[in-house]
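Secondary and tertiary structure notes
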Amino acid sequence: MFKLWIYTEKISPSLLCYSLSSIEAQTSTSRPERRRYWHSQMEVEEEKEAFPSNNDCLAEGKCDGQVLKEINTEPSESFDVQNSLPEGKKEFVAPAVGMEFESYDDAYNYYNCYAKEAGFRVRVKNSWFKRNSREKYGAVLCCSSQGFKRIKDVNRLRKETRTGCPAMIRMRVVDSKRWRVLEVTHEHNHLLGAKIYKSVKKMGSGARSKLQSSSDAEVRTIKLYRALVIDGGGNGTPNCNATGGRKFSDHPHQLNLRKGDSQAIYNYLCRLQLTNPNFFYLMDFTDEGCLRNVFWVDSRCRACCGYFGDVIYVDNTCTSNRYETPLVALVGVNHHGQTVLLGCGLLAGETAESYTWLFKAWLTCVLGQYPQTIITDRCKALQTAIAEVFPKSNHRFSLSLIMKRVPEKLGGLRNYDAIRKTFVKAVFETLKVIEFEAAWGFMIQHFGVTDHEWLRSLYEDRARWAPVYLKDTFFAGLSASRPGENLSPFFDKYVHKQTPLKEFLDKYELALQKKHKEETLADIESRNSSPELRTRCSFELQLSKLYTREIFKRFQFEVEEMYSCFSTTQLHVDGPIIIFLVKERVLAEGNRREIRDYEVLYNRSASEVRCICSCFNFYGYLCRHALCVLNFNGVEEVPSKYILSRWKKDYKRFYVPDQGSYNIDSIDHMQWFNQLYRSALQVVEEGAISLDHYKVALQAFEDSLNRVHVVEEKQD
């Protein structure tokens, strides 16, 4: 016996959330039929999935007021394909990527039964065997009309029956020793006949004996460890047909997909669920059962949410520019200053409702941990959604995206070059609000652009994007507060405006693999090598031992630039607080040098130092001006409060993300799983550093498992 938890009352029909099994309920049946079917499908799950996952519920981002119903069901490894559909149906679940079978015979029998109901015959196109044992490890089963007759057979009197039909399934043995479906083609290029009761019988002896022991193949039980039902041609129901192309205006409240996109999405999520133990996804359907929004996070990205979820950039490049793939990526920055993926979504459109659903889905995934800062495009829908879901977070607009739009928005103006230079100077070179206001006012009046709509709206939103207003906001390097800095789309080289959804799903893992490889190499380099010191400054030596290699290079540049600063003098003294003026020679336009003044506040008793340039909040490390003041006052080490843990080499080793670990629910099994998974992931990452690390980590896992078994034996 095992327990199943489902929400049975007060759940919003417009915000449905499904685990692997529950998505299978999205068929063309009515809602009561879908519920009965969902219950039947849940029974096929393996016992290891008996407890609900975080993606079992998302109703307005809360579970308050929901009524939980406990259902006891008998655990079963077997799945009767005939009884898997709603009442009155006699059809078999369509094959899909991710299905697993106990044996080749089971897989063949399943496809044979499905083919009989669909109206075609099956034959074995290819089989692969191991050289030594002759054990079968792969096969392709296809429609009997696949291919064409050989030339020597054409002259025979028998009629040509083959049509080159593409319908097939490709499968092979995986690590679990089961047979997994890796590729499926459903389409036939010929008419399907009535139910066919005989198929081409190229099967093993085991399959023949099974057929002989049963009077009817229909009543046989097939061990199927993953199954699905979803309309391969549309959004989940016949009433939501997919279009040949994507038109955003046709279906503003549902995901507009090409034919086969729904199947591709589900196959992809199904496969990730199989290969990622902590994989998380949600699907949002309309009342009519049409797919509206999708959100997913794989296990490694989910772990990154705990480490690097303090600052998030919402990359909606694809949706705002009407790409073929309506993708939204949630992006963070890791301890090497590299961008990392924190979640992905496919949205029906740029609406407040879609963004609200997406953010609530992410918040559910990270167990309610709010980000400190959220950076987005200037979009009213995003503003509305963030204000509702993340009211405690600092919402800021991406300066990088604003600067990219300058040529588009101002390019048609007379004196464009002069306006652009004045605009850039007002944004990047002003250090005080009064200076920014004066520079902006001069630009508006001097060039006669008072009535320019884009500039007017920018000025109204200035507190969300102009660096001079954002000095108290922490950006972790995602601010782009210096000229020339850009925030490139996370999937920049993997998706373009015409990239189909199916192609993106194929490229998604390639992109993540590249990012993971870059992070791993950076980890190895940071741990196994010491950076070259370029000065005799004690600050440089101190942080060379702590920071990752890339972050240290950035800090090292600030140390080197201390030598461009001069004349550190006191401006004002108020008890322990002293305001210093630091002069710096900077490279200006035309390769000329000019002197700029920077005010730095220093509190000796509190070991506090703050520069007017606010480099620490923008980038996470102290600037050259603050270092000059510390050095002037005889301080030989950077105060600990200005050495952020998120930049350290051993950050992942010692930091355990606090996501409710100290308030574990005594009955919430999924919360137990999440906490154990995060802790185990740290051991895995450290264990992969070297062979010695690997041996110690593996032994620790084995010892832990033995101790858990001891507890289990005591309870028995």
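Scroll up a little and you will see the structure.
Attention in this report is confined to the structure presented alongside it. (Residues numbered from 1 in each chain as written. Predicted model: local features only at pLDDT ≥ 70, side-chain atom pairs only at ≥ 80, totals over all residues. Heavy atoms only, no water.)

A closer look at the pairing of strand S7 (residues 179–185)
Applicable threshold: Criterion used throughout: strands pair if DSSP finds at least two bridges between them. Helix numbers and strand numbers start at the N terminus; a helix is a DSSP run of H or I with at least 4 residues, a strand a run of E with at least 2.
Examined bridge by bridge, strand S3 (residues 100–101) and S7 share 2 bridges and lie antiparallel to one another. Opposite Phe101, over in S7, you have Trp179 as the bridge partner.

Some points on the nonpolar core
For the record, the criterion: In plain words, nonpolar cores are sets of buried Ala, Val, Leu, Ile, Met, Phe, Trp, Tyr and Cys residues tied together by side-chain atoms within 4.5 Å. Remark: exposure states derive from per-residue accessible area (1.4 Å probe, protein chains only) relative to the maximum for the residue type, with buried under 20%, exposed over 50%, and partly exposed in between. Here, residues are in contact when the closest pair of their heavy atoms is within 4.5 Å.
Within the largest apolar cluster, 119 residues are counted, with the highest numbers of intra-cluster contacts made by Ile265, Phe295, Trp296, Phe359 and Phe491. Per element, the largest residue contribution to this core is 9 residues, and it comes from helix H8 (residues 352–365). Aside from chain neighbours lying at most four places away, what touches Phe359 is Val314, Leu330, Leu382, Ala385, Ile386, Val389 and Phe390.

A word on the sheet that holds S7
Pairing is antiparallel in the open sheet, where 5 strands are placed in the order S3-S7-S6-S5-S4. At either end of the open sheet lies a strand with only one pairing partner, and these are S3 and strand S4 (122–129). One ladder, built from 5 bridges, connects strand S5 (residues 136–143) with strand S6 (residues 168–173); its direction is antiparallel. Opposite Leu141, over in S6, you have Ile169 as the bridge partner.

Some points on the packing of aromatic side chains
Short version of the rule: Put simply, two rings from Phe, Tyr or Trp (the six-membered ring, in Trp's case) pair if the centres are within 6.5 Å, and we call them stacked under 30 degrees between planes, edge-to-face over 60, tilted for the rest. Distance and angle both matter: a charge sits over a ring if NZ of Lys or CZ of Arg is within 6 Å of the ring centre and within 35 degrees of the ring normal.
Across all of its chains, the model carries 36 aromatic pairs by this definition. Arranged with centres 6.0 Å apart and planes meeting at 80°, the rings of Tyr547 and Phe555 form a pair that is edge-to-face. Phe555 shares its class with Tyr547; the two are buried. For the pair Phe580 and Phe632, a centre-to-centre distance of 5.6 Å together with 70° between the ring planes defines the contact as edge-to-face. On the criterion of sequence distance, the pair formed by Phe580 in strand S16 (residues 577–587) and Phe632 in helix H20 (residues 624–632) is long-range, its members being 52 residues apart. A relative accessible area of 47% places Phe632 in the partly exposed class. Three or more aromatic residues link up through ring pairs in this structure, and these residues are Phe423, Phe436, Trp440, Trp454, Tyr459, Trp465 and Tyr469. Geometry around Phe490 places Lys515 over its ring, the cationic atom sitting 5.0 Å from the centre. Geometry around Phe566 places Arg585 over its ring, the cationic atom sitting 4.3 Å from the centre.

Examining the pattern of salt bridges
Opposite charge on two side chains permits pairing when their charged atoms draw close. Stated precisely, the cut-off is as follows: Here, a salt bridge means any side-chain nitrogen of Lys or Arg that lies within 4 Å of a carboxyl oxygen of Asp or Glu.
In the structure shown here, the tally under the stated rule is 29 salt bridges. When the shortest N-O distance is used, the salt bridge between Lys360 and Glu388 registers 3.5 Å. Here Glu388 lies in helix H9 (residues 380–389) and Lys360 lies in helix H8, a separation of 28 residues in the sequence. Between Glu561 and Arg624 there is a salt bridge, with its nearest N and O atoms 3.6 Å apart.

Looking at the sheet that holds strand S14 (residues 394–397)
Heads up, the condition is: To get an axis, a line is fitted to the C-alpha atoms, and for a helix only the part in contact is used. The angle between two axes follows their N-to-C directions and goes from 0 to 180 degrees.
With respect to topology, 7 strands assemble into an open sheet ordered S8-S9-S12-S11-S10-S13-S14, the strand pairing being mixed. Of all the strands in the sheet, the pair left with one neighbour each is strand S8 (280–285) and S14. This sheet shows a mean twist of 20° between the axes of neighbouring strands, independent of strand direction. Pairing geometry for S8 and strand S9 (residues 291–297), over 6 bridges, is antiparallel. Within S9, the residue paired with Phe285 across the bridge is Leu291. Contacts between H8 and the sheet are confined to S8, S9, strand S10 (311–315), strand S11 (327–333) and strand S12 (339–346), with S9 contributing the most and set at about 30° to the helix. Of the strands in this sheet, S10, strand S13 (373–376) and S14 touch H9, which is tilted by about 170° from S14.

Observations regarding the side chain of Thr317
Looking at the element boundaries, Thr317 is found in helix H7 (residues 317–320). By relative accessible area, Thr317 is classed as buried at 16%.

A closer look at the packing of H8 against H9
What counts, and what does not: In this scheme, roughly parallel covers angles under 35 degrees and roughly antiparallel covers those over 145, while 65 to 115 is roughly perpendicular and the rest are oblique. In this scheme, a crossing is called left-handed if the near helix is turned counterclockwise away from the far one by less than a right angle; it is called right-handed if the turn is clockwise. The nonpolar class holds Ala, Val, Leu, Ile, Met, Phe, Trp, Tyr, Cys and Pro. Asp, Glu, Lys and Arg form the charged class, and all remaining residues, Gly among them, are polar.
Interaxial distance between H8 and H9 falls to 8 Å at its minimum, and their mutual angle equals 40°. It follows that H8 is oblique to H9 by the angle criterion. In this structure, H8 crosses over H9, and the sense of that crossing is right-handed. In this structure, H8 uses Ala352, Tyr355, Thr356, Phe359, Lys360 and Leu363 to contact H9, whose residues at the interface are Ala381, Leu382, Thr384, Ala385, Ile386, Glu388 and Val389. Taken together, the residues of the contact of H8 with H9 break down into 9 nonpolar, 2 polar and 2 charged.

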